[in-house]
Amino acid sequence: HLQAYPLIDWNKARNECAKEDLYYPHPLVQDALWWTLYKFENLLVAGRPLAFLRRKALAETMKHITYEDENTRYVCIGPVNKVMNMLCRWHQDPEGEAFKLHASRVPDYLWVAEDGMKMQGYNGSQCWDTTFAVQALFATGMEAKVHQCVQRAANYIETTQVREDCPGDLEAYYRHISKGAWPFSTRDHGWPISDCSSEGMKAYLTLEPYLGEFISDDRLDDCMNVILSYQNKTGGWATYENTRSFPQLELINPAETFGDIVIDYDYVECSSACLTAIVAFIERHEKKRSGSDGGGGGSKWASRFSRAHLEAALRRGVSFIHSIQKSDGSWYGSWGVCFTYACWFGCEALEACDRVLGTDSTQRLTKAADFLLAKQRPDGGWGESYLSCELKTYSQLPELEMSHVVNTAWALLALLKSGQQARDPAPLHRAADFLMRAQLPCGDWPQQHISGVFNRNCMITYANYRNIFPLWALGEYRHHALKRT
């Protein structure tokens, strides 16, 4: 603060924000609303006429805080409510067991970087990274060479699946079903997410032919139940919950630094992850039924979800993917930087659904490929700036900078899914050559510009992306482009 603490005018300070941080300025209606509530609050304090309302509201709030604490083993969904919940439990009882349990989970969020202590935006991305790493390793065809690593990853995926719903009335606590889901990080955290559940299933289905069945059909059906339950009326998928309300509520978005946060929107990334998981699930059951999995065949369809039911979900989902593809062939990415990331997901979804629905997305896939090819840089790679997320238009990294290995990997994966190897493989060769030249002598790839994003304006570091995605892209390139030639 810029003045002595007792002199701060909190009513004024509430609307002050550095221009560098101001991504979403408050509309006038919101300022009026907060001013009204500020004045109304005086009627709620102890000894005033409406004090009973505050007592009732605080009791309800503590009920929800307690539910969240207990169902995340005091990790909480993220660092903001973690700290706020911990402060509330301390205020409730400074010597209580709840506060002590909270304090024991603070290290889950802390890490020491080169420039000091940091608090993460989550308690990690362990499950998310593991599911991608598994798919990347198997794309290379070298899984037998790293068998111990694969086995340990399989163990983590098996133990991290959520086995039960949260207790009590889920609707009263605004919670979604979670039995069968996979979380973003750890089993203790446990919050179900549509794309994490989908990538968890895909990772398992990648592992199963190599290691044998170690997750039962019932547990896979539980996961599919979660995935299907997340599909919105639009045909798309959001993240933690179904879309509950209307975009107009963004008028009361109080966070100057974030955009589009008041409701959970449909995303191309979540929708693609769910669609490709459903496809992988169908293909797995068809192989078991036909015997092409080595099991002899002749078995019945082993899922409680019929193929017709699953295909209906696919068709609605594909319609949503079509509806949000831009006229230039691209998709806007909300969880990675940015159009490059989204194009990978969009192309992957269309290609996968074509396989089981018998549809033909060639025109849309070619258009997405043309969009990406127009952005390829002289060194053979792609380099998209985080500014794309803020501005919602494609923004290149500075010309003199080396291209970005993660962006290049995403672009290469998207182009392969679009069938570029059959049209003209030369851009693929250039992209693969760039990735191989960028690899360091130790086998690592360099850490470059940030590649993750949250709510348009908050960038996220995924340190493992720089190795997972180049490896994945080169594996797919070797299989689909090099072997073709």
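For the structure itself, consult the block above.
For clarity, every value in this text was computed on a predicted model and none was experimentally measured.

Calculation rules
- Residues numbered from 1 in each chain as written.
- Predicted model: local features only at pLDDT ≥ 70, side-chain atom pairs only at ≥ 80, totals over all residues.
- Heavy atoms only, no water.
- Helix = DSSP H or I, 4+ residues; strand = E, 2+ residues; numbered from the N terminus.
- Buried < 20%, exposed > 50% of the residue type's maximum accessible area, 1.4 Å probe, protein only.
- Disulfide = S-S within 2.5 Å.
- Patch = residues over 30% accessible without salt bridge, like charges linked within 9 Å, V, L, I, M, F, W, Y side chains within 5 Å.
- Areas by Shrake-Rupley, 256 points an atom, 1.4 Å probe, with all protein chains shown as cover.
- Salt bridge = Lys/Arg side-chain N within 4 Å of Asp/Glu carboxyl O.
- Axes fitted to C-alpha atoms, helices over the stretch in contact; angles between N-to-C directions.
- Parallel < 35°, antiparallel > 145°, perpendicular 65-115°, else oblique.
- Left-handed = near helix turned anticlockwise from the far one by under 90°.
- Contact = heavy atoms within 4.5 Å.
- Nonpolar A, V, L, I, M, F, W, Y, C, P; charged D, E, K, R; others polar.
- Phe/Tyr/Trp six-rings, centres within 6.5 Å; stacked < 30°, edge-to-face > 60°.
- Lys NZ or Arg CZ within 6 Å of the ring centre and 35° of its normal.
- Pairing = 2+ DSSP bridges.
- 1 Å grid on protein atoms, 1.4 Å probe; cavity = no way out; pocket = protein on both sides within 12 Å on 5 of 7 lines; lining within 4 Å.
- Points joined across faces, edges and corners; volume = space filled by probe spheres on them.

Caption draft 1: Unusual backbone geometry, seen in detail. Its identity as a non-glycine residue notwithstanding, Y74 has a phi of 70°, on the positive side. Structurally, Y74 can be placed in the loop between α3 (51–71) and α4 (79–92). Overall, the relative accessible area of 10% leaves Y74 in the buried class. Of note in this structure, Y174 is not a glycine but carries a positive phi near 55°. Summarising the element assignment, Y174 is placed in the loop between α7 (147–160) and α8 (194–211). On the accessibility criterion, Y174 (55% relative accessible area) is exposed.

Caption draft 2: Seen up close, the state of the cysteines. Summed over the entire model, instances satisfying the criterion amount to 0 disulfides. Free of any disulfide, C127 has its nearest cysteine sulfur in C196, 6.8 Å distant. C127 gets classed as buried once you look at its relative accessible area, which sits at 1%. Note on C149: no disulfide assigned, nearest cysteine sulfur contributed by C127 at a separation of 15 Å. A relative accessible area of 42% means that C149 is categorised as partly exposed.

Caption draft 3: Fine view of a nonpolar patch on the surface. A contiguous nonpolar patch, built from V29, L33, L37, L249, L251, I252 and V262 and spanning about 530 Å² of accessible area, is present on the exposed surface. Here V262 is to be found in the loop between α9 (217–229) and α10 (268–290).

Caption draft 4: Structural context of the packing of helix α15 (residues 405–418) against helix α18 (residues 465–482). Here α15 crosses α18 at 30°, and the two axes come no closer than 8 Å. Relative to α18, the element α15 lies roughly parallel. Between α15 and α18 lies a crossing whose hand is left-handed. Contacts between α15 and α18 involve V405, V406, A409, W410, L412, L413 and L416 on the former and, on the latter, Y465, R466, F469, P470, W472, A473, E476, Y477, H480 and A481. Its residues assigned to classes, the contact of α15 with α18 comprises 14 nonpolar, 1 polar and 2 charged.

Caption draft 5: View of the environment of T160. By secondary structure assignment, the location of T160 is in helix α7. Residues T160 and T130, spaced 30 residues apart in sequence, show a C-alpha to C-alpha distance of 11 Å.

Caption draft 6: Geometry of the packing of aromatic side chains. Overall, the coordinates contain 31 aromatic pairs when judged by the stated rule. Between the aromatic rings of W128 and F132, the centroid separation amounts to 4.6 Å while the plane-to-plane angle is 65°, which identifies the pairing as edge-to-face. Placement of both W128 and F132 in helix α6 (residues 126–140) is noted, with a separation of 4 residues, approximately one turn of the helix. Between F184 and Y462, the ring centres sit 6.4 Å apart and the planes meet at 80°, which makes this aromatic pair edge-to-face. You can see F184 sitting in the loop between α7 and α8 and its partner Y462 sitting in the loop between β4 (458–460) and α18, a full 278 residues away along the chain. Clustering of aromatic rings is evident, with ring pairs tying together Y122, W128, F132, F184, Y341, W344, F345, W410, Y462, Y465, F469 and W472. The ring centre of Y394 lies 5.0 Å from the NZ or CZ of K375, which sits over that ring. The ring centre of Y332 lies 5.9 Å from the NZ or CZ of K392, which sits over that ring.

Caption draft 7: Inspection of the pairing of strand β2 (residues 116–119) at higher detail. Relative to β2, strand β1 (residues 110–113) runs antiparallel, the two being bridged by 4 bridges. Bridge assignment links V112 to a residue of β2, and that residue is M117. Connecting β1 to the next strand, β2, in antiparallel fashion are 2 residues.

Caption draft 8: Seen up close, the layout of surface pockets. By volume, the second largest pocket is sized at about 1,100 Å³. Among the elements of the structure, α6, α8, α10, α12 (339–357), α15 and α18 are those that each provide at least two residues to the lining of the second largest pocket. In terms of residue count, α10 provides more of the lining of the second largest pocket than any other element does, 7 residues in total. Looking at the lining of the second largest pocket, its residues break down into 10 nonpolar, 8 polar and 15 charged.

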